[in-house]
Amino acid sequence: MQEHQLVLILDFGGQYNQLIARRVREHNVYCEVKSYKTPLAEIKAMNPIGIIFTGGPGSVYEADSPKCDSGVFELGVPVLGICYGCQLMAAVLGGEVTPAVNDSAREYGKTATVYDTGCLLFKGLPTEGVSWMSHGDYMAKLPDGFKLAAHSAACPNVAIADASRGFYGVQFHPEVNHTENGSAMLRNFLYEICHAEGDWTMEDFKKRSIAAIREKVGDGQVLLALSGGVDSSVAAALLAEAVGQQLTCVFVDHGLLRKNEGDEVEAAFARWDINFVRVDAGARFLGKLSGVSDPETKRKIIGEEFIRVFEEESHKIGRVDYLVQGTIYPDVIESGLGDAAVIKSHHNVGGLPEYVDFKEIIEPLRQLFKDEVRQLGRELELPEYIVMRQPFPGPGLAIRIIGDITEPKLAILREADFIFRDEIANAGLDSAMNQYFAVLTNMRSVGVMGDGRTYDYTLALRSVTTTDFMTADWARIPYDVLDRVSVRIVNEVPHINRVVYDITSKPPATIEWE
Ligand code: XMP
């Protein structure tokens, strides 16, 4: 029996495919993103209550443009086509799509749009609003049975609808925030047209996952490498709730964590009766890193050492039946869709040795987006400082100390980074930026403190806003906040006499300095 209703998102290579999926899930409807090449039999077997076609870079009249099996229109299931998806629907069902003959019919950006609120897709919404367009093609003739449902000054058929068959198409992107009421339009598709029940909640997911994990694991032993990041922490909490004593979490503290971080991670798991192994391997890692200043060499040493430590610990545990990994849905989409695949440049230090002997891998978060993982963490009563933790690189502070790494430099950086985070939190800005941290440069300069000359380190502050971490902009932190951070750092942290703020976007810079 199917556990919950499902909406299928057929991906035609659009840049917003994940965004559409997240929007659907925000409305408590489960959805999955699959390639447009998915065979009809597989689609049928998924038993979707609705199908959404994404946008894509192709033009439907080009011979090699992506096309799905036209049998999807025979399933009796509502379809919403977005942008390319809309044009594809029109073309397959007997309409005509051509290149826009003149520039005025080609639309890009924010566009004033008039909606027919008699159409279920726009039910209850204002008749006028801004929509986000990016299309160069034009629907010269609508397929039989379709009516116009929205227009703009340049384009008569911004939205089309065949209510009797439940087929809807929009030339704009309702999933993008620039489209006013876009989220409400998707909601209308889900609830008014597909008759969704809204049965996707994290509370329910938690209950079902725990039952499924218990059934799978039986009396087996489970091993999990805990990094303290959001994904591995939430996976650990879920397993802890499900199998308690049968779970061993190995938390390798490589001595390159931020202030208090190791203790915070340990404290978060204190309320579960699990085997929690904290390996304090700081001295071991620092020994290996001694005198090393090349960033890639640092990464390599830390990665290898991490695996070695983890392997030693798992051998001490003895029998391991299941290994848990914190894979989340964006990783699944990126590795599975082929055409739009993005290969990640960084692999987490949590990358595990192949030679730990186990029966099977459990990936309990495979279906979840990051915001859902956080929500699940809250359901499991993980503290907010874990649930909302910003990304932290596996090699930790090692790549935030330029040049060689020593214990005194780590101590300086930990204090300065802590003050920066503290002041950002005091200013209520922590959710306004996606990653922020301090970097200890290897540069010293002259300063004056009291009556004396100093010759100390320059500390750099870095803060970025980003959605995907592939590109990023530097955060516009108010001057008075920067001022407080700078004053506190030079007063409270010995050996820093200068603070600078990094105002470079990515590209051309990267987020981390190494
Ligand atoms: P960059 O510096 O490449 O960083 O713009 C993008 C994102 O990746 C994180 N990062 C890493 N994560 N191991 C990791 O697990 C690494 O070696 C590593 N290097 C960078 C970085 O913090 C940012 O979120």
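Residues numbered from 1 in each chain as written. Predicted model: local features only at pLDDT ≥ 70, side-chain atom pairs only at ≥ 80, totals over all residues. Heavy atoms only, no water.

With respect to the UniProt feature "binding site: ATP" (unreviewed entry) in the chain
Then step 1. In the numbering used here, UniProt assigns the feature "binding site: ATP" (unreviewed entry) to S227, G228, G229, V230, D231, S232 and S233.
Then step 2. A relative accessible area of 45% means that S227 is categorised as partly exposed.
Then step 3. Setting aside anything within four residues of it in sequence, one finds S227 in contact with S232 and F251.
Then step 4. From its side chain, S227 meets the backbone nitrogen of G229 in a polar contact 3.0 Å long.
Then step 5. With respect to the helices, strands and loops of the structure, G228 is situated in the loop between β12 (222-226) and α6 (230-243). (UniProt positions renumbered as here; feature names shortened; annotations may be inferred. Buried < 20%, exposed > 50% of the residue type's maximum accessible area, 1.4 Å probe, protein only. Contact = heavy atoms within 4.5 Å. Polar contact = N/O pair within 3.5 Å; in protein donor to acceptor, adjacent residues only side chain to side chain. Helix = DSSP H or I, 4+ residues; strand = E, 2+ residues; numbered from the N terminus.)

A word on the nonpolar core
Then step 1. By size, the foremost hydrophobic cluster in this structure holds 116 residues, and its most contacted members are F53, F269 and I477.
Then step 2. The element best represented in this core is α6, accounting for ten residues.
Then step 3. If sequence neighbours within four positions are ignored, I477 has contacts with F420, I424, L429, M433, S463, L482 and Y501. (Core = buried A, V, L, I, M, F, W, Y, C linked by side-chain atoms within 4.5 Å.)

Structural notes on the packing of aromatic side chains
Then step 1. As enumerated under the stated definition, the model contains 15 aromatic pairs in all.
Then step 2. Measuring from centroid to centroid gives 5.3 Å for F73 and F167, while their planes differ by 80 degrees, and the two rings are edge-to-face. Here F73, found in the loop between β3 (50-53) and β4 (79-82), pairs with F167, found in strand β11 (residues 167-170); they are 94 residues apart in sequence, far enough to count as distant. With respect to class, F73 is no different from F167; both count as buried.
Then step 3. With centroids separated by 5.9 Å and ring planes inclined at 85 degrees, the aromatic side chains of F420 and Y436 adopt a geometry described as edge-to-face. Separated by 16 residues along the polypeptide, F420 in helix α13 (residues 407-426) and Y436 in strand β17 (residues 435-449) bring together distant segments of the chain. (Phe/Tyr/Trp six-rings, centres within 6.5 Å; stacked < 30°, edge-to-face > 60°.)

Structural notes on unusual backbone geometry
Then step 1. Note that the residue after K506, namely P507, is joined by a cis bond; omega there is -15 degrees.
Then step 2. Mapped onto the elements, P507 comes out in the segment after β20 (496-501).
Then step 3. In this chain, P507 is followed by P508 through a cis amide linkage whose omega measures 10 degrees.
Then step 4. Examined against the element boundaries, P508 turns out to sit in the segment after β20.
Then step 5. If you check the backbone angles, N47 has positive phi at about 55 degrees while not being a glycine.
Then step 6. Along the chain, N47 falls in the loop between α2 (40-46) and β3.

Re helix α8 (residues 282-289)
The periodicity of an α-helix, 3.6 residues per turn, causes residues three or four places apart in sequence to face the same way.
Then step 1. Taken as a whole, α8 has its buried residues at G282, F285, L286 and L289. Seen along its axis, α8 keeps its buried residues to an arc of 95 degrees; they face one direction.
Then step 2. Looking at the buried residues of α8, the elements they touch are β13 (247-253), β14 (275-280), α9 (295-317) and α13.
Then step 3. One or two steps after α8, the chain reaches G291, where phi turns positive at roughly 80 degrees. (Arc of directions from axis to C-beta.)

Focus on the pattern of salt bridges
Then step 1. Inspection of the entire model under this criterion finds 36 salt bridges.
Then step 2. With a shortest N-O distance of 2.7 Å, E264 and R389 are connected by a salt bridge. Pair noted here: E264 is in helix α7 (residues 261-268) and R389 is in the loop between α12 (384-387) and α13, with a separation of 125 residues, a long-range link.
Then step 3. The exposure class of E264 is partly exposed, given its relative accessible area of 25%.
Then step 4. Under the relative-accessibility criterion, R389 is labelled buried at 9%.
Then step 5. Across the salt bridge formed by K316 and E313, the nearest N and O atoms sit 3.0 Å from each other. Taken together, the positions of K316 and E313, both in helix α9 and three residues apart, correspond to about one turn of that helix.
Then step 6. With a relative accessible area of 61%, K316 lands in the exposed category.
Then step 7. Since its relative accessible area comes to 9%, E313 is described here as buried.
Then step 8. Salt bridges sharing partners connect three or more residues here, namely D253, D263, E266, R278 and D280. (Salt bridge = Lys/Arg side-chain N within 4 Å of Asp/Glu carboxyl O.)

Points about the site of the ligand
Then step 1. Taken together, 13 residues surround the ligand, and among them R299, Q435, K506, I511 and E512 come closest.
Then step 2. Separating an oxygen atom of the ligand from a side-chain N or O atom of R299 is a distance of 2.5 Å.
Then step 3. Measuring from an oxygen atom of the ligand, one finds a side-chain N or O atom of K506 at 2.7 Å.
Then step 4. In isolation the ligand exposes 490 Å². Once the protein is present, 88% of that is buried. (Near = heavy atom within 4 Å. Areas by Shrake-Rupley, 256 points an atom, 1.4 Å probe, with all protein chains shown as cover.)

Some thoughts on the sheet that holds strand β15 (residues 322-324)
Then step 1. Strand order across the open sheet formed by five strands is β14-β13-β12-β15-β16, with parallel pairing between neighbours. Edge strands, defined here as strands with exactly one partner in the open sheet, are β14 and β16 (360-362). Each neighbouring strand pair of the sheet contributes to a mean axis angle of 25 degrees, computed without reference to strand direction.
Then step 2. The pairing of β13 with β14 spans six bridges and is parallel. Following the sheet pairing, T248 is matched in β14 by N275.
Then step 3. In the packing of α6 onto the sheet, contacts are made with β12, β13 and β15, and the angle to β12 comes to roughly 155 degrees.
Then step 4. Here α7 sits on the sheet in contact with β12, β13 and β14, set at roughly 170 degrees to β14. (Pairing = 2+ DSSP bridges. Axes fitted to C-alpha atoms, helices over the stretch in contact; angles between N-to-C directions.)

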